[in-house]
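Observations on chain architecture
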Amino acid sequence: MILRNLSARALLVASISLLGGAGCISVDHQETDFDGDGADETGAAVQPLSTVTFRSSSTATGKNVTSLTLAKPAGVAQGDVLLARIAIRNQVGAVIAPPAGWTLLRSDQSASAVKSWVLWKVATGAEPASYAFGFDVSAYLAGSIVAFSGADPASPIDAASGQKNGNSATLAAPPVTTTAANGVAVWFGTQVWTGSSCPASPIVPPSGFTEPFDTCLLSSSTGLLFDAAYKQLGAAGLQPAWSGTSPFANTNTAQVVALRPAGAPSCSAGDTFASAYTTVGSLTSTDIVEISGLAASRVNPGILYAHSENNANFVAIQKTNAAVVGSYVAGVLPWDWEDIATGPCPAGSCIFMGDIGRISGHPQPYPTTFAVVRMKEPNLAAGETSGTVSGDRFPFQYPDTPRNAEALMVHPTTGDIYVVTKEGTTGLSKVYKFPSPLPAPGTLSTLIHVADLPMPLGPDENFRSVTAGTIHPCADRFLLRTYRAVYEYRAPAGAGFEAAFSAPPVALTDTVEGQGESIEYEADGSGYFTMTEREAAPYPLKRVARQ
């Protein structure tokens, strides 16, 4: 917050702080109060993030047959994406003959007991009432089709994986890396079964997945258990491995397909950026005083959030021109709101307020504990364009000594929360993170020390004082900015995200801001935005494109 060698803000800052503390905000902000994410953790409906929606499903089985016919799922419309999983017992060398229009995505098999194929197609305006999948041998077969609306009809498959699990009660599918945010994961479990009846609950899907069916092919020697399940995804990038379970330690296959939503930007990373920045517009809202952070929405395409430092106001702006399309007040008044991020949460996607500054023009004593406040993202399309946004407060302390920090980062897939301290004198910033899973709101956490980050020293403290940070949507790198410089830290290929903390900083294009305190990647990783802190609007929004 404090730029070395600049004049103090003195009475103006004190006045601003007092107004914020008194709740002095625009009257129209008080008209609407929509919930934060706390209610979602107690059973309220989760805010949908994806345009991809489950339509319906169909299943079929056959004994000693050379063809399996599956009905078209009910309600299928043109542009829907259909995923078929066809499984065979024992005849793992069989060759499948899909119906016209179906494309084989992958197959996974054991040495002799079971093989599962996954196929897909985009529905046309004249779909048949059923689909017959042929084989070159007679066998016991089981299959299903699940239909989804809202997926990208031109390129619906974002990622896929699968494997065989031998003699196991765990149906584990390898993790996938998605390139588009807010898609849907579809999980298929298939397991060897011998029994005269279907178990009451044959297969339990991975946690958080919705299961449209769970059934079986009955046989005393060559049966199958099979089900399907789906789950909405958040940010693009490496997803966790999804595993289902079964009461039986039998050979099985587990497969997963990630569907890309229609119109969603893909996530991609690159190492080369333009050598010059573009000023795309200016934020002119008088509700924002001393802007201190930017965050890309995961719910509203093309939208960034920008916030004040010493009051509770924040706005949603268009990334193309910085025009305000939503004005809000956080339901928790911060001491020193230094950064903002978005990321996954029980409500779907949340805004994370980093009340992490220690020295902000307030009189002493300085705080020894700090907080991150989590608020459900407003949905502009649903008319949530103003109001007070309530949230959950997660207080924390450092494991060593109270520190001043201005950079908050939230992992786009895991939701891990990172704080990077501001160490202008030495340039040795420290990285901490919250314990995972998060404790209950209101519970004091002791952060975990993750890494030390020696910043390039530069000519003076303004070049090495970390003022903002953000994690790339592909979760393989992150940005840190100082008042006068921008750096990217890149994890080695195939390594986990936290390997980036050991990587050397790569200097990127600075946007020439005397007091740069805000930075955020584009939602698809194709560039980054910055804003400078100053006492009042206008605040220029600058963009550096990836090349």
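As the structure is a prediction and not an experimental result, all values here were calculated from the model.

Calculation criteria
Residues numbered from 1 in each chain as written. Predicted model: local features only at pLDDT ≥ 70, side-chain atom pairs only at ≥ 80, totals over all residues. Heavy atoms only, no water. Helix = DSSP H or I, 4+ residues; strand = E, 2+ residues; numbered from the N terminus. Buried < 20%, exposed > 50% of the residue type's maximum accessible area, 1.4 Å probe, protein only. Pairing = 2+ DSSP bridges. Axes fitted to C-alpha atoms, helices over the stretch in contact; angles between N-to-C directions. Disulfide = S-S within 2.5 Å.

Now for unusual backbone geometry. Of note, the amide linkage connecting S436 to P437 takes the cis form, showing an omega dihedral of 0°. Mapped onto the elements of the fold, P437 is located in the loop between β27 (428–433) and β28 (445–446). Backbone geometry at N90 places phi at a positive 70°, although glycine is not the residue there. Within the secondary structure, N90 is located in the loop between β3 (81–89) and β4 (96–97). Looking at N90, the relative accessible area reads 36%, which means it is partly exposed. In the Ramachandran plot, V512 falls in the positive-phi region, its phi being about 55° despite a non-glycine side chain.

Attention now goes to the sheet that holds strand β36 (residues 539–545). Taken in spatial order, the four strands line up as β15-β36-β35-β34 in an open sheet, and their pairing is antiparallel. Only two strands of the sheet have a single partner each, and these edge strands are β15 (278–283) and β34 (516–521). Averaged over neighbouring strand pairs, the angle between their axes works out to 25° when direction is ignored. Bridge count for β34 against strand β35 (residues 527–532) is five bridges, and the pairing is antiparallel. Each bridged residue has a counterpart across the sheet, and for Y521 the counterpart in β35 is Y528.

The strand order β30-β31-β32-β33 describes an open sheet built from four strands, whose pairing is antiparallel. Two strands bound the open sheet, and with one partner strand each, they are β30 (466–471) and β33 (506–507).

Across five bridges, strand β22 (residues 370–376) lies against strand β24 (residues 392–397) in antiparallel orientation. Its bridge partner lying in β24, R374 is registered against D392. Taken together, the two bridges between β24 and β28 define a ladder with parallel strand orientation. When the sheet's bridge partners are listed, F396 is paired in β28 with S445.

A few words on the state of the cysteines. A complete count under the given rule lists two disulfides for this structure. A sulfur-sulfur separation of 1.7 Å characterises the disulfide bridge that pairs C198 with C216. Given an S-S torsion of about -85°, the disulfide between C198 and C216 has left-handed geometry. Of this pair, C198 sits in the loop between β10 (184–195) and β11 (210–217) while C216 is found in strand β11, placing the two residues 18 residues apart along the sequence. In this structure C216 comes out as buried when scored by relative accessible area, which is 8%. Across the disulfide, C345 is cross-linked to C350 (sulfur-sulfur distance 2.1 Å). Residues C345 and C350 share a disulfide whose torsion about the S-S bond is about 75°; that sign makes it right-handed. No difference in accessibility class separates C345 from C350, as the two residues are buried.

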